[in-house]
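# Reading the structure
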Amino acid sequence: MKPLRDTLRETIALEGPITVERYMSLCLRHYYATRDPLGSAGDFTTAPEISQMFGELIGLWMLEVWNGMGRPACRLIELGPGRGTLMADLLRSTRLLPDFKGSATVHLVETSPALREKQQTALASSGFSFHWHDRIEDVPSGPTLLVANEFFDALPVRQFVGTGRGWCERLVGLEGEHLIFGLRPEPEPVLGRPLKPGDVLEWPGAAIDVMGGIARRLTRDTGAALVLDYGYWGPAFGDTLQALKGHKPVDPLEEPGEADLTTHVDFHRLAQAAVSGNARAHGLSSQGDFLRALGIDTRASALKARATPAQAADIDRALERLTERGPTGMGDLFKVLAVTHDGIDAVPGLPALSPSS
Ligand code: SAH
């Protein structure tokens, strides 16, 4: 296959500079289609790859919500299931209510053929029936339980930079053979005036579209969605685009399609998109508070009770990594938002969203 860098150079030479959104979209499609990016040999590690406790607790969350819904036949959907680890752990813990297995059909929304294969292997022995889809719109209707972990951060965003002329869109162009960032000379009038020159405004159009689709689905069919990702409660101004290769930050233009590209998720915009679609938002919580509220400490103790000393030390390390605050832990950096049918007024482990938010 021709390296993506060459295709990008040709495209830009022919059509002129492209938006950051298009650049991210081309890079991410290539990146996920050509590898398994997870784990120590890959570029990044996610919560379900750190410990089985993560998926198990999300399984218990799903069971409780399903029970509250009156145990209907339902669609269990995961967006961007990676290696299938979260789904495998989640399904194992749903054995607690044996009726769930006969009631749920599992739908995996995954664009990468390489990862679909991994998911198939991870889930083959679970006893559930599985369907793969490219887009959430392709999942048949029905009461819905949905989870998305580190999915929204992998969707492309537009970026605008504050200048004396107004907000100008950030573009990727060519200087000789090198990809470089630049700005569209004309400002975007609908965005108004920037407060400070140099501020960066990110517009997560793809994430808003996906959340709008989820909200419409939950409003029509009832159900709940759980979104976990690293991010913040906006509005905020800043460039959060980052590239990771081999667990190290790299220049986002350096190896197009060969490094993971992400941005921080603005949960306020996601909640707004959900509420505009007539759904209800719950949260926001930090991942640490959410997992503690669901009982991760008790689960860790139960696992340790039948573990060797080395395994018990691993469980302690995983618990710390998943819940710890500060720069090395995921407890604070990662946030949790739930979105439900408006008639569901509470979900496990998350506070109600205050109306003033
Ligand atoms: N949820 C997993 C993997 C996160 S990596 C975990 O927690 O381990 C992001 C996942 O989203 C990958 O499976 C990737 O292939 C998938 N993905 C990225 N962009 C996508 C898109 N536009 N549509 C569907 N899946 C996508």
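Placed above this text is the structure.
Procedures and definitions
- Residues numbered from 1 in each chain as written.
- Predicted model: local features only at pLDDT ≥ 70, side-chain atom pairs only at ≥ 80, totals over all residues.
- Heavy atoms only, no water.
- Helix = DSSP H or I, 4+ residues; strand = E, 2+ residues; numbered from the N terminus.
- Polar contact = N/O pair within 3.5 Å; in protein donor to acceptor, adjacent residues only side chain to side chain.
- Contact = heavy atoms within 4.5 Å.
- Buried < 20%, exposed > 50% of the residue type's maximum accessible area, 1.4 Å probe, protein only.
- Pairing = 2+ DSSP bridges.
- Near = heavy atom within 4 Å.
- Areas by Shrake-Rupley, 256 points an atom, 1.4 Å probe, with all protein chains shown as cover.
- Axes fitted to C-alpha atoms, helices over the stretch in contact; angles between N-to-C directions.
- Parallel < 35°, antiparallel > 145°, perpendicular 65-115°, else oblique.
- Left-handed = near helix turned anticlockwise from the far one by under 90°.
- Nonpolar A, V, L, I, M, F, W, Y, C, P; charged D, E, K, R; others polar.
- Phe/Tyr/Trp six-rings, centres within 6.5 Å; stacked < 30°, edge-to-face > 60°.

## What to know about the side chain of Thr19
Along the chain, Thr19 falls in strand S1 (residues 18–19). Among the polar contacts made by the side chain of Thr19, one reaches the main-chain amide nitrogen of Arg22 at a distance of 3.0 Å. Excluding its chain neighbours within four sequence positions, the residues that come into contact with Thr19 are Glu169, Arg170, Leu171 and Arg184.

## Let's talk about the pairing of strand S16 (residues 334–340)
Most of S16 is tucked away: seven of the seven residues are buried. Burial along S16 is two-sided: Phe334, Val336, Ala338 and Thr340 facing one way and Lys335, Leu337 and Val339 facing the other are all buried. One ladder, built from seven bridges, connects strand S10 (residues 223–232) with S16; its direction is antiparallel. Each residue of the ladder has a partner; that of Ala225, found in S16, is Val339. Examined bridge by bridge, strand S15 (residues 280–286) and S16 share six bridges and lie antiparallel to one another.

## Let's talk about the site of the ligand
Within the structure, the ligand sits among 18 residues, and Thr46, Gly80, Gly82, Glu110 and Asn149 are positioned closest to it. Between the ligand and the protein, one listed contact pairs an oxygen atom with a side-chain N or O atom of Thr46 at 2.6 Å. Contact distances for the ligand include 2.7 Å between a nitrogen atom and a backbone N or O atom of Gly80. Contact with the protein chains covers 91% of the free accessible surface of the ligand, which is 570 Å².

## Quick look at unusual backbone geometry
Cis geometry marks the peptide bond from Gly234 to Pro235; its omega dihedral reads 0°. Residue placement: Pro235 occurs in the loop between S10 and strand S11 (242–245). Cis geometry marks the peptide bond from Gly283 to Leu284, where omega comes out at -5°. With respect to the element layout, Leu284 can be found in strand S15. Even without being glycine, Glu150 reaches a positive phi, approximately 50°.

## Some details on the sheet that holds S11
Pairing in this open sheet of three strands is antiparallel, and the strands run S12-S11-S13 from one edge to the other. Each having just a single partner strand, strand S12 (248–250) and strand S13 (260–262) make up the two edges of the open sheet. Pairs of neighbouring strands in the sheet enclose a mean axial angle of 40°, with direction left out of account. Here three bridges tie S11 to S13, and the two strands are oriented antiparallel to one another.

## What about the packing of helix H4 (residues 52–68) against helix H5 (residues 85–93)?
Running from N to C, H4 and H5 cross one another at 50°; their axes reach a closest spacing of 7 Å. Here H4 lies oblique to H5, going by the angle between them. For H4 against H5, the interelement crossing comes out right-handed. The residues of H5 that touch H4, namely those facing Gln52, Phe54, Gly55, Glu56, Ile58, Gly59, Leu60, Met62 and Leu63, are Leu86, Asp89, Leu90, Arg92 and Ser93. Looking at side-chain class alone, the contact of H4 with H5 contains seven nonpolar, four polar and three charged residues.

## Things to note about the environment of Glu186
Mapping Glu186 onto the fold places it in the loop between strand S8 (178–183) and strand S9 (200–203). For the pair Glu186 and Ala259, spaced 73 residues apart in sequence, the C-alpha to C-alpha distance is 31 Å.

## Points about helix H9 (residues 267–276)
An α-helical turn contains 3.6 residues, so any two residues separated by three or four positions project in the same direction. Of all 10 residues in H9, seven are buried, a share of seventy percent or more. Three or more residues of H9 are buried, namely Phe267, His268, Arg269, Leu270, Ala271, Ala273 and Ala274. In this structure, the buried residues of H9 make contact with S9, helix H8 (205–221), S10, strand S14 (265–266), S15 and S16. The backbone nitrogen of His268 has a side-chain oxygen 3.0 Å away, supplied by the residue at the start of H9, namely Asp266. Among the residues trailing H9, Asn278 stands out with phi positive, at a value near 70°.

## Brief notes about the packing of aromatic side chains
For the structure shown, the criterion picks out seven aromatic pairs. Arranged with centres 6.2 Å apart and planes meeting at 55°, the rings of Phe100 and Phe128 form a pair that is tilted. Pair noted here: Phe100 is in helix H6 (residues 99–103) and Phe128 is in the loop between helix H7 (113–123) and strand S4 (130–133), with a separation of 28 residues, a long-range link. Since its relative accessible area comes to 11%, Phe128 is described here as buried.

## Some words on the packing of H4 against helix H11 (residues 296–305)
Viewed as axis vectors pointing N to C, H4 and H11 meet at an angle of 125°, and their least axial separation amounts to 11 Å. With respect to H11, the axis of H4 lies oblique. Crossing handedness for the pair H4 and H11: right-handed. In contact with Gln52, Met53, Glu56 and Leu57 of H4, H11 contributes Ile296, Arg299, Ala300 and Leu303. Residues that form the contact of H4 with H11 fall into these classes: five nonpolar, one polar and two charged.

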